[in-house]
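# Understanding the architecture of this molecule
Each chain, written out:
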Amino acid sequence: MTYIARTEHSNLATKEVVLNAVRKNLISSGEVTLDTDCEISWNKIQVQGSKPLYTECFYRQPNNEAVSLQKLDESLGRLTHNQNLPNIVLTGDFNIPDIQWKDAYSIRSPQQYNLEVNETILNITNEHNLEQQNITPTRGNNILDLVFTTNNNLIESISVESGISHHEAVIVDIKTKVKLTKKKPRKTFLYSKGNIPAIKTRLKDEFPEYIKKTNNQSIEICWETFKTLLTSYINEHIPQKTCTKIKDETNTESPKQGITKQFWTYVKSRKQESSGVSTLNVDGQIKEDNTSKAEALNNQFQSVFTEEDMASFPNMGPSTTNKINDIKIEEKGIAKLLKQLNINKASGPDKISCRILKETADEISPYLKHIFERSLRLKQVQNIKGNS
């Protein structure tokens with residue numbers, strides 16, 4: 001059984017009929033309030049536990065008139081100008097062969113239709129946050145049958161098959177519910193309720209013992225010993241709570257002028273998924289968690305680098321530049337830099353809070369001085385791989 005939304009416009013010259021069919025077991029309804037004076041048909045499909053899916057069928061007659069596209073723009077505007085961007089899949093025969101849909105959308109030359117028609121469809125795409133998915137010709141060498149969506153994660157697959165008319169048929173598999181990557185609960189330190197003076201005291205008292213343990217050790221052991229020591233004091237003297245939403249406990253300064261929190265709230269409302277990087281398909285394997293996605297991207301980046309032949313470097317002769325003077329590291333200089341840290345910034349790969357680094361600057365500067373001096377003496381740089 002199939003539900004069919006039928007739209008007929010008697011005032012159009014050709015009196016075309018557009019059909020939008022939905023399976024009967026789906027909860028759907030024809031959205032006639034979205035119809036405008038063009039060959040268009042809307043359906044609203046209810047999706048359990050998610051936003052409804054709006055499907056739209058559209059037909060544009062092959063002429064130099066942009067009126068039907070302007071009416072399409074009006075119809076889309078009734079949905080997309082709300083605060084939350086809806087899930088829309090717009091399909092149909094647009095009869096616009098002049099657009100290059102691969103990569104950046106652009107108008108080809110020479111053009112079959114006038115500039116107004118081509119610019120109007122591109123403006124619609126930009127104005128309503130649409131992405132065109134079909135890049136396979138559907139009649140000859142022309143891509144006339146298009147698939148637009150406000151959320152490309154809805155499109156599971158798309159193919160072009162032999163049709164029953166002079167156009168090929170576009171087959172689109174749509175996921176009725178987009179899979180969201182839920183963030184795991186995270187522990188947050190409540191610095192406002194912590195005992196920072198106790199951490200300072202412990203760091204002062206432990207420093208002589210730290211020097212004894214690491215005086216002849218590698219830079220890795222020097223750093224890991226310091227990090228383990230500081231982390232243990234933080235866990236001991238700073239209370240924690242588990243939360244699912246990020247709340248910045250360190251934000252005690254007045255908000256900056258310019259971009260406000262309301263702006264980012266609006267930007268977030270327009271997003272379709274909670275994940276920063278979409279699910280990746282690597283050699284047929286789906287990468288969903290952050291670690292596997294990071295490894296896949298890292299492997300891709302490494303594959304494009306060229307390995308230089310280190311044995312074939314030309315001999316440039318002796319250096320003509322002056323040698324650098326001995327580097328002198330002072331605790332005061334380290335402390336000064338630490339005290340300039342912005343406590344509202346995120347921590348680095350070591351996961352040590354900027355607030356802790358700033359408030360214990362005088363106490364940890366001797367530790368860092370020792371690490372830096374060992375690094376220069378041993379000509380080693382601490383490896384943070386795997387800590388981020």
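Just above, that's the structure.
Treat the numbers as computed from the prediction; the structure is a model and nothing was measured. (Residues numbered from 1 in each chain as written. Predicted model: local features only at pLDDT ≥ 70, side-chain atom pairs only at ≥ 80, totals over all residues. Heavy atoms only, no water.)

### Thoughts on the overall build of the chain
Across its full length, the chain carries nine helices and 16 strands. Considering the chain as a whole, with its 388 residues, one finds that 35% of them fall into the buried category. Of the contacts formed within the chain by residues at least 6 apart in sequence, a portion of 60% connects residues at least 24 apart. With an accessible surface of roughly 25,100 Å², the chain has 50% of that area assigned to carbon and sulfur atoms. (Helix = DSSP H or I, 4+ residues; strand = E, 2+ residues; numbered from the N terminus. Buried < 20%, exposed > 50% of the residue type's maximum accessible area, 1.4 Å probe, protein only. Contact = heavy atoms within 4.5 Å. Areas by Shrake-Rupley, 256 points an atom, 1.4 Å probe, with all protein chains shown as cover.)

### As for the pattern of salt bridges
Per the stated rule, a full pass over the model turns up six salt bridges. A salt bridge links glutamate 74 to lysine 71, with the nearest nitrogen and oxygen atoms 3.8 Å apart. Of the two residues, glutamate 74 and lysine 71 are both situated in helix 1 (residues 67-80); the distance of three residues between them amounts to about one turn of the helix. The partner of arginine 355 in a salt bridge is glutamate 359, and the shortest N-O contact between them spans 3.0 Å. Taken together, the positions of arginine 355 and glutamate 359, both in helix 8 (residues 354-359) and four residues apart, correspond to about one turn of that helix. Residue classification places glutamate 359 among the partly exposed positions, given a relative accessible area of 30%. One connected set of salt bridges, linked through shared partners, spans Lys71, Glu74 and Arg78. (Salt bridge = Lys/Arg side-chain N within 4 Å of Asp/Glu carboxyl O.)

### Remarks on the packing of helix 4 (residues 219-237) against helix 9 (residues 361-378)
Where helix 4 contacts helix 9, the two axes come as close as 9 Å, and the packing angle between them is 165 degrees. The orientation of helix 4 with respect to helix 9, classified from their angle, is roughly antiparallel. Note on packing geometry: the crossing formed by helix 4 with helix 9 is left-handed. Residues Ile219, Cys222, Trp223, Phe226 and Leu229 of helix 4 lie in contact with helix 9, whose contacting residues are Ile364, Tyr367, Leu368, His370, Ile371, Arg374, Ser375 and Leu378. Of the residues assigned to the contact of helix 4 with helix 9, the class counts are ten nonpolar, two polar and one charged. (Axes fitted to C-alpha atoms, helices over the stretch in contact; angles between N-to-C directions. Parallel < 35°, antiparallel > 145°, perpendicular 65-115°, else oblique. Left-handed = near helix turned anticlockwise from the far one by under 90°. Nonpolar A, V, L, I, M, F, W, Y, C, P; charged D, E, K, R; others polar.)

### Description of the packing of aromatic side chains
Scanning the model with the defined rule gives eleven aromatic pairs in all. A centroid spacing of 5.7 Å and a plane angle of 55 degrees characterise the contact between tryptophan 223 and phenylalanine 226, whose relative ring orientation is tilted. Of this pair, tryptophan 223 and phenylalanine 226 both sit in helix 4, separated by three residues, roughly a single helical turn. The residues tryptophan 223 and phenylalanine 226 share a single accessibility class, namely buried. Ring pairing ties together the aromatic residues Phe58, Phe94, Trp101, Tyr105 and Phe148, which thus form one cluster. Residue placement shows arginine 60 over the ring face of tyrosine 113; its charged tip is 4.9 Å from the ring centre. (Phe/Tyr/Trp six-rings, centres within 6.5 Å; stacked < 30°, edge-to-face > 60°. Lys NZ or Arg CZ within 6 Å of the ring centre and 35° of its normal.)

### Side note on the sheet that holds strand 6 (residues 87-93)
What holds strands together in a sheet is hydrogen bonding between their backbones, with the strands either parallel or antiparallel. Strand order across the open sheet formed by six strands is 3-4-5-6-10-9, with mixed pairing between neighbours. Looking at the sheet topology across the chains shown, the edges are occupied by strand 3 (28-30) and strand 9 (131-132). Of the pairings in the sheet, the one linking strand 3 to strand 4 (residues 39-45) comprises three bridges and is antiparallel in character. By the bridge assignment, serine 28 is partnered in strand 4 with isoleucine 45. Those strands touched by helix 1 are strand 4, strand 5 (53-59) and strand 6, and its axis lies near 175 degrees from that of strand 5. (Pairing = 2+ DSSP bridges.)

### Some details on the pairing of strand 10 (residues 145-149)
The buried count for strand 10 comes to five of five residues, which makes it a mostly enclosed element. Direction of pairing for strand 9 relative to strand 10: antiparallel, over a ladder of two bridges. What sits directly across from glutamine 132, in strand 10, is phenylalanine 148.

### Let's talk about helix 6 (residues 290-303)
Across its 14 residues, helix 6 extends 20 Å between first and last C-alpha, which sits within 8% of the 20 Å expected from 1.5 Å per residue. All of the buried residues in helix 6 are Ser292, Lys293 and Ala296. Buried residues along helix 6 cover an arc of 105 degrees about the axis, so they all sit on one side. In this structure, helix 6 carries Asn290 and Thr291 as exposed residues pointing more than 90 degrees from its buried face. (Expected span 1.5 Å × (residues − 1). Arc of directions from axis to C-beta.)

### Some details on a nonpolar patch on the surface
A cluster of nonpolar side chains, contributed by Val277, Leu297, Phe301, Val304 and Phe305, occupies part of the molecular surface with about 500 Å² of accessible area. Considering the arrangement of structural elements, one finds valine 304 in the loop between helix 6 and helix 7 (331-339). With relative accessibility at 58%, the residue valine 304 sits in the exposed group. (Patch = residues over 30% accessible without salt bridge, like charges linked within 9 Å, V, L, I, M, F, W, Y side chains within 5 Å.)

### Structural notes on the packing of helix 7 against helix 9
The contact between helix 7 and helix 9 brings their axes to 8 Å, and the two run at 120 degrees. Judged by the angle between their axes, helix 7 and helix 9 are oblique. Helix 9 is crossed by helix 7, and the crossing has right-handed handedness. On the side of helix 7, the interface is formed by Glu331, Ile334, Ala335, Leu338 and Lys339, while helix 9 contributes Ala361, Asp362, Ile364, Ser365, Pro366, Leu368, Lys369 and Phe372. Broken down by class, the residue content of the contact of helix 7 with helix 9 amounts to eight nonpolar, one polar and four charged.

Remember, this is a structural readout, not a statement about activity or role.
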